[in-house]
Amino acid sequence: MSKQLTIQPSGQQITMQDDQTILDAAMAAGFNMPYGCKNGACGACKGQIISGDVDYPDGYAESALPHMERERGLALYCCAVPKGDITVECREVAATKDIQIKTLPCRVQQIDKISHDVAVLSLKLPTTERMQFLAGQYIDLHTKGGKKRSFSIANAPHESEYLQLHIRCMPGGEFSDYVWNEMKEREIMRFTGPLGSFFLREDSDRPIIFIATGTGFAPIKGILEHAFNKGIQREMILYWGCRSLQDLYMPQLPSDWQQQHPNFTFIPVLSDPQPEDQWQGRTGLVHEAVMDDFNNLSGWQVYACGAPVMVEAAYTHFVSHGLPEGEFFSDAFFSSKDLGKPKA
Ligand SMILES: Cc1cc2nc3c(=O)[nH]c(=O)nc-3n(C[C@H](O)[C@H](O)[C@H](O)COP(=O)(O)OP(=O)(O)OC[C@H]3O[C@@H](n4cnc5c(N)ncnc54)[C@H](O)[C@@H]3O)c2cc1C
Ligand code: FES
């Protein structure tokens, strides 16, 4: 039995297949919804059901849609399957509308182990296939075992003949272990992308706070390189939180940007500096450093990326410090294990 999905305020109507999620049906019909993990973990796809009811056959993480929010009619569109006709509220993400998501081969051009646990991977794209993407988006790499692992694109689209990824080596991490120990240059891989809604909103003139932990720096690097390339003059501040100095795996680059661009400031924050670091800079949790500096965030736009716990804390605290909810954009780096957690 076919079901009708109506999306407000545009009024677009889509005929859905039985087991399709709202996100899948909308994207297949060319309506670009915002999303992140596509797996019921991050909450980036959350929206209001106006009429109708949904099921969650594969479940979702309670933290992404707390019970109270579900009671208020909110739903995670990436995993909600309507029981019948449904009307939902969602504003289209116009910027990614004309960007095609493709599955492409690529060649590993270079593997640079630039710190004790981060490898920078350069992937060369086929010369016959240009991949259009927005700075900050991510790709899903297909592993040899047939799984998919998400990694953010760390370069900007004006350098589109290759993709740069920053891969943190997780002890026991299937794919990152492979990158660290076995992967060879010139190897051929496949990936699907570009994915996600983490990109610079260029229609705004608000000053920007970027906040990253660990390799959450990767998509922010892409966004900043894009902004510098386009000559965007908005004030931009990067808070980059790591445990100790050895985890700040690319410190020179943002320091150089600060020298070159008067509208950019770099604030590294270490949560557990080691005696040998002789650290004179900021310490503590990175979102707390932002709050120490700003009493009122009502005029700002925030882009947060990295550990889910930081993204969640940043959202909660920044909104309580006046940041409008719609001015917070994030990619939370859920691991495959988080995504496979028992769900509600
Ligand atoms: C949208 C998105 C973008 C991402 N971009 C990046 C990126 O640019 N760079 C990057 O390094 N990661 C990124 N990640 C996280 C990355 O996809 C996961 O860490 C992935 O699970 C790593 O795969 P693996 O096979 O190495 O480890 P897995 O086999 O998936 O995990 C093995 C073990 O390591 C632990 N683990 C894995 N990842 C993490 C983590 N991030 N933090 C704590 N413990 C972990 C797991 O709990 C598990 O115990 C992104 C995630 C998402 C959803
Ligand atoms: S995209 Fe739906 S919860 Fe992450």
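Every chain's residues receive numbers from 1 upward, in the order its sequence appears when written. Ligands are numbered from 1 and chains lettered from A, in the order in which they are written. In keeping with the model being predicted, local features are shown solely for residues with a pLDDT of at least 70 and side-chain atom pairs are shown and tallied solely at 80 or more, while totals for entire chains, interfaces and linings include all residues. Side-chain metrics in this entry use all non-hydrogen atoms of the structure; hydrogen atoms and water are not considered.

K.L.:
What is the right way to read the sheet that holds strand β3 (residues 46-51) from this model?
P.N.:
Neighbouring strands of a sheet are bound in pairs by backbone hydrogen bonds; such pairs are parallel or else antiparallel. Only strands joined by at least two bridges in the DSSP assignment are considered to pair. Under the DSSP-based scheme used, a helix requires at least four consecutive residues in state H or I and a strand at least two consecutive residues in state E, with every element numbered from the N terminus. Pairing is mixed across the open sheet formed by five strands, whose spatial order is β2-β1-β7-β3-β5. Only two strands of the sheet have a single partner each, and these edge strands are β2 (12-16) and β5 (74-76). This sheet shows a mean twist of 35° between the axes of neighbouring strands, independent of strand direction. Helix axes are fitted to C-alpha atoms over the stretch in contact, other axes to C-alpha atoms as well, and angles between N-to-C directions run from 0 to 180 degrees.

K.L.:
How should the nonpolar core be read in this particular structure?
P.N.:
Burial of nonpolar side chains together is a common tendency in soluble globular proteins. Definition of nonpolar core: a set of buried residues of the types Ala, Val, Leu, Ile, Met, Phe, Trp, Tyr and Cys, connected through side-chain atoms within 4.5 Å. Think of it in three bands: with a 1.4 Å probe and only protein chains considered, a residue is buried below 20% of the maximum accessible area for its type, exposed above 50%, and partly exposed in between. Counting 31 residues, the largest nonpolar core has Phe-210, Ile-220, Leu-224, Met-236, Leu-238, Trp-240 and Phe-264 as its most contacted members. Sorting the residues of this core by element identifies β9 (118-124), β14 (208-213), α4 (217-230), β15 (236-242), β16 (264-270) and β18 (301-306) as the ones contributing at least two each. The element contributing the most residues to this core is α4, with seven residues. Two domains each donate at least three residues to this core, and these are domain 2 (99-195) and domain 3 (208-338). Note on contacts: a residue pair is in contact if any heavy atoms of the two residues lie within 4.5 Å. For Leu-238, the residues in contact, after removing those within four places along its chain, are Phe-210, Phe-217, Ile-220, Leu-224, Pro-254, Phe-264, Thr-265, Phe-266 and Ile-267. In terms of nonpolar packing, the next biggest core, distinct from the first, is built from 30 residues, Ala-26, Tyr-56, Ala-64 and Leu-195 among them. Domain start and end points were adopted from an automatic or database domain assignment.

K.L.:
I keep staring at the packing of helix α6 (residues 286-293) against helix α7 (residues 308-320) and nothing clicks. Help me out?
P.N.:
What describes two packed helices is the angle between their axes and the distance between those same axes. Two elements in contact, α6 and α7, have axes whose closest approach is 9 Å; the angle formed by their N-to-C orientations is 20°. By the criterion of interaxial angle, the relationship of α6 to α7 is roughly parallel. Regarding α6 and α7, the two cross each other, and that crossing is right-handed. Across from Val-286, His-287, Val-290 and Met-291 in α6, the residues of α7 making contact are Met-310, Ala-313, Ala-314, His-317 and Phe-318. Each residue is assigned to one of three groups, with Ala, Val, Leu, Ile, Met, Phe, Trp, Tyr, Cys and Pro labelled nonpolar, Asp, Glu, Lys and Arg labelled charged, and all others, Gly among them, labelled polar. A per-class count over the contact of α6 with α7 returns seven nonpolar, two polar and no charged. Any angle between 65 and 115 degrees counts as roughly perpendicular, while under 35 counts as roughly parallel, over 145 as roughly antiparallel, and the rest as oblique. Note on convention: near helix rotated counterclockwise from far helix by under a right angle means a left-handed crossing. Clockwise means right-handed.

K.L.:
Hey, could you run me through the domain arrangement of the protein in this one?
P.N.:
Looking at the assigned domains, one finds that the protein contains domain 1 (3-92), domain 2 (99-195) and domain 3 (208-338). On a C-alpha basis, the centroid separation for the pair domain 1 and domain 3 is 30 Å.

K.L.:
Looking at this structure, I do not really get the site of ligand 1. What am I missing?
P.N.:
Not every one of the 22 residues close to ligand 1 is listed here, only the nearest: Arg-149, Ser-150, Phe-175, Ser-176 and Ser-336. For this analysis, a polar contact is any N or O atom pair within 3.5 Å, provided that within protein one partner can donate a hydrogen and the other can accept it, and provided that sequence-adjacent residues contribute only side-chain to side-chain pairs. In the environment of ligand 1, an oxygen atom lies 2.9 Å from a nitrogen or oxygen atom belonging to the backbone of Arg-168. A distance of 3.1 Å separates an oxygen atom of ligand 1 from a polar side-chain atom of Thr-215. Breaking the shell around ligand 1 down by element, the ones donating at least two residues are β11 (148-152), β12 (162-168), α3 (174-181), β19 (328-332) and α8 (336-339). Residue composition of the shell around ligand 1, by class: eight nonpolar, nine polar and five charged. A domain-level breakdown of the shell around ligand 1 finds at least three residues from each of domain 2 (99-195) and domain 3 (208-338). It suffices for a single heavy atom of a residue to lie within 4 Å of a molecule or strand for the residue to be listed as near it.

K.L.:
I'm lost on the pairing of β2 in this one. Help?
P.N.:
Side-chain positions along a regular strand alternate between the two faces of the sheet. Two strands pair when backbone bridges link them, and strand β1 (residues 3-8) and β2 are joined in this way by five bridges, in the antiparallel orientation. Counted as the bridge partner of Ile-7 is Gln-12 from β2. In textbook terms, the turn of a hairpin is the stretch between consecutive antiparallel strands, and for β1 and β2 this stretch comprises three residues, one of which, Gly-11, has a positive phi near 80°.

K.L.:
How should I be thinking about the packing of aromatic side chains in this particular structure?
P.N.:
By convention here, two paired aromatic rings are described through the distance between centres and the angle between planes. Pairing of aromatic side chains requires ring centres within 6.5 Å, counting the rings of Phe and Tyr and the six-membered ring of Trp. Pairs whose planes differ by under 30 degrees are stacked, by over 60 edge-to-face, and all others tilted. A complete count under the given rule lists 15 aromatic pairs for this structure. For the ring pair Phe-294 and Trp-300, a centre distance of 4.8 Å and an interplane angle of 65° mean the geometry is edge-to-face. Here Phe-294 and Trp-300 have matching classes, each one buried. The interplanar angle of 70° and the centroid separation of 5.2 Å between the aromatic rings of Tyr-315 and Phe-328 together place this pair among those described as edge-to-face. Residue Tyr-315 is located in helix α7, and its partner Phe-328 is located in strand β19; the two are separated by 13 residues in the primary sequence. The exposure class of Tyr-315 is partly exposed, given its relative accessible area of 31%. Clustering of aromatic rings is evident, with ring pairs tying together Phe-217, Phe-228, Trp-240, Tyr-249, Trp-257, Phe-264 and Phe-266. Any Lys NZ or Arg CZ that is within 6 Å of a ring centre and within 35 degrees of that ring's normal is treated as a charge sitting over the ring. Note that Lys-113 overlies the ring of Trp-180, its terminal NZ or CZ placed 5.0 Å from the centroid. Seen from the ring of Phe-199, Arg-201 lies directly overhead, with NZ or CZ sitting 3.8 Å from the centre.

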